[in-house]
Amino acid sequence: MKILTIHGPNLNLLGRREPEIYGSKTLDMINREIDRHGEALALATTCYQSNHEGEIIDWLQNAGKEGFSGIIINPAAFTHTSVAIRDAIAAIELPVIEVHLSNISAREDFRQKSLTAAVCRGSISGFGSTSYLVALETFKLLLKP
Ligand code: DQA
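Described in the following lines is the structure provided in the data block.

Criteria and thresholds
- Residues numbered from 1 in each chain as written.
- Predicted model: local features only at pLDDT ≥ 70, side-chain atom pairs only at ≥ 80, totals over all residues.
- Heavy atoms only, no water.
- Helix = DSSP H or I, 4+ residues; strand = E, 2+ residues; numbered from the N terminus.
- Rg over C-alpha atoms; globule rule 2.2 N^0.38 Å.
- Buried < 20%, exposed > 50% of the residue type's maximum accessible area, 1.4 Å probe, protein only.
- Polar contact = N/O pair within 3.5 Å; in protein donor to acceptor, adjacent residues only side chain to side chain.
- Contact = heavy atoms within 4.5 Å.
- Core = buried A, V, L, I, M, F, W, Y, C linked by side-chain atoms within 4.5 Å.
- Near = heavy atom within 4 Å.
- Areas by Shrake-Rupley, 256 points an atom, 1.4 Å probe, with all protein chains shown as cover.
- Nonpolar A, V, L, I, M, F, W, Y, C, P; charged D, E, K, R; others polar.

Some points on the overall build of the protein chain
Moving on, step 1. Along its length, the protein chain carries six helices and five strands.
Moving on, step 2. In the protein chain, the succession of helices and strands from N to C terminus is β-α-α-β-α-β-α-β-α-β-α.
Moving on, step 3. Relative to its length of 145 residues, the protein chain is compact, with a C-alpha radius of gyration of 14 Å against a globular reference of 15 Å.
Moving on, step 4. Judged by the C-alpha coordinates and their principal axes, the protein chain covers about 40 × 30 × 25 Å.
Moving on, step 5. A buried classification covers 46% of the 145 residues belonging to the protein chain.

This is how it looks when you write it as structure tokens:
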């Protein structure tokens, strides 16, 4: 089974971006953790990152025909602003799990509202890079081969 992970805007700067909030791991390090954990669970993982809303929407729309069984998405700031990404998640049949490194419920008011979470199967927030690994475990338990 193939799982697509989509990282949203500014996550390419992880490691040096506000490390007191997002930790010191780079996106490459996190992607390697996702790949290794996927291997251990017999899930094939692919990781994309984009700073562009339209590109993320294209990936969401195309994931089904590219043979993915589920999508893990950290929409980053688009979580709080993007009706278009929400609509794309609602439009596709694949299950989507939303993840966040930080606990968005414990942050500024504008971060506590996710436009995207309600159209996802569920969300995992606040465990640093482990949020992605918990999402992989969840897909392993939810998806039947
Ligand atoms: C984030 C939380 C968002 O509010 C923020 O805009 C991000 C990262 C997280 O993973 O904690 O860029 O999605």
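Text resumes after the structure shown.
Some details on the side chain of T45
Moving on, step 1. Within the secondary structure layout, T45 lies in strand β2 (residues 44-49).
Moving on, step 2. Engagement of the side chain of T45 in a polar contact is seen with the side chain of D35, the distance being 2.7 Å.
Moving on, step 3. Among all residues touching T45, those that are not within four sequence positions of it are I3, I34, D35, G38 and L136.

Topic: the nonpolar core
Moving on, step 1. The biggest cluster of nonpolar side chains holds 21 residues, and the ones touching the most others in it are I3, L14, I72, V99, L101, Y132 and L136.
Moving on, step 2. Those elements giving two or more residues to this core turn out to be α2 (27-40), β4 (96-100) and α6 (130-142).
Moving on, step 3. When neighbours within four sequence positions are excluded, V99 is seen to be in contact with I72, I73, N74, P75, I124, S131, Y132 and A135.
Moving on, step 4. Grouped together as the second largest cluster of nonpolar side chains are 18 residues, I56, I71, I73 and L94 included.

Topic: the site of the ligand
Moving on, step 1. In the vicinity of the ligand, the contacting residues are R17, Y22, N74, A76, A77, H80, H100, L101, S102, I104, R107 and R111.
Moving on, step 2. At 3.0 Å from an oxygen atom of the ligand is found a side-chain nitrogen or oxygen belonging to R17.
Moving on, step 3. Starting from 320 Å² of accessible surface for the ligand in isolation, the protein chains cover 99%.
Moving on, step 4. Its residues assigned to classes, the shell around the ligand shows five nonpolar, four polar and three charged.

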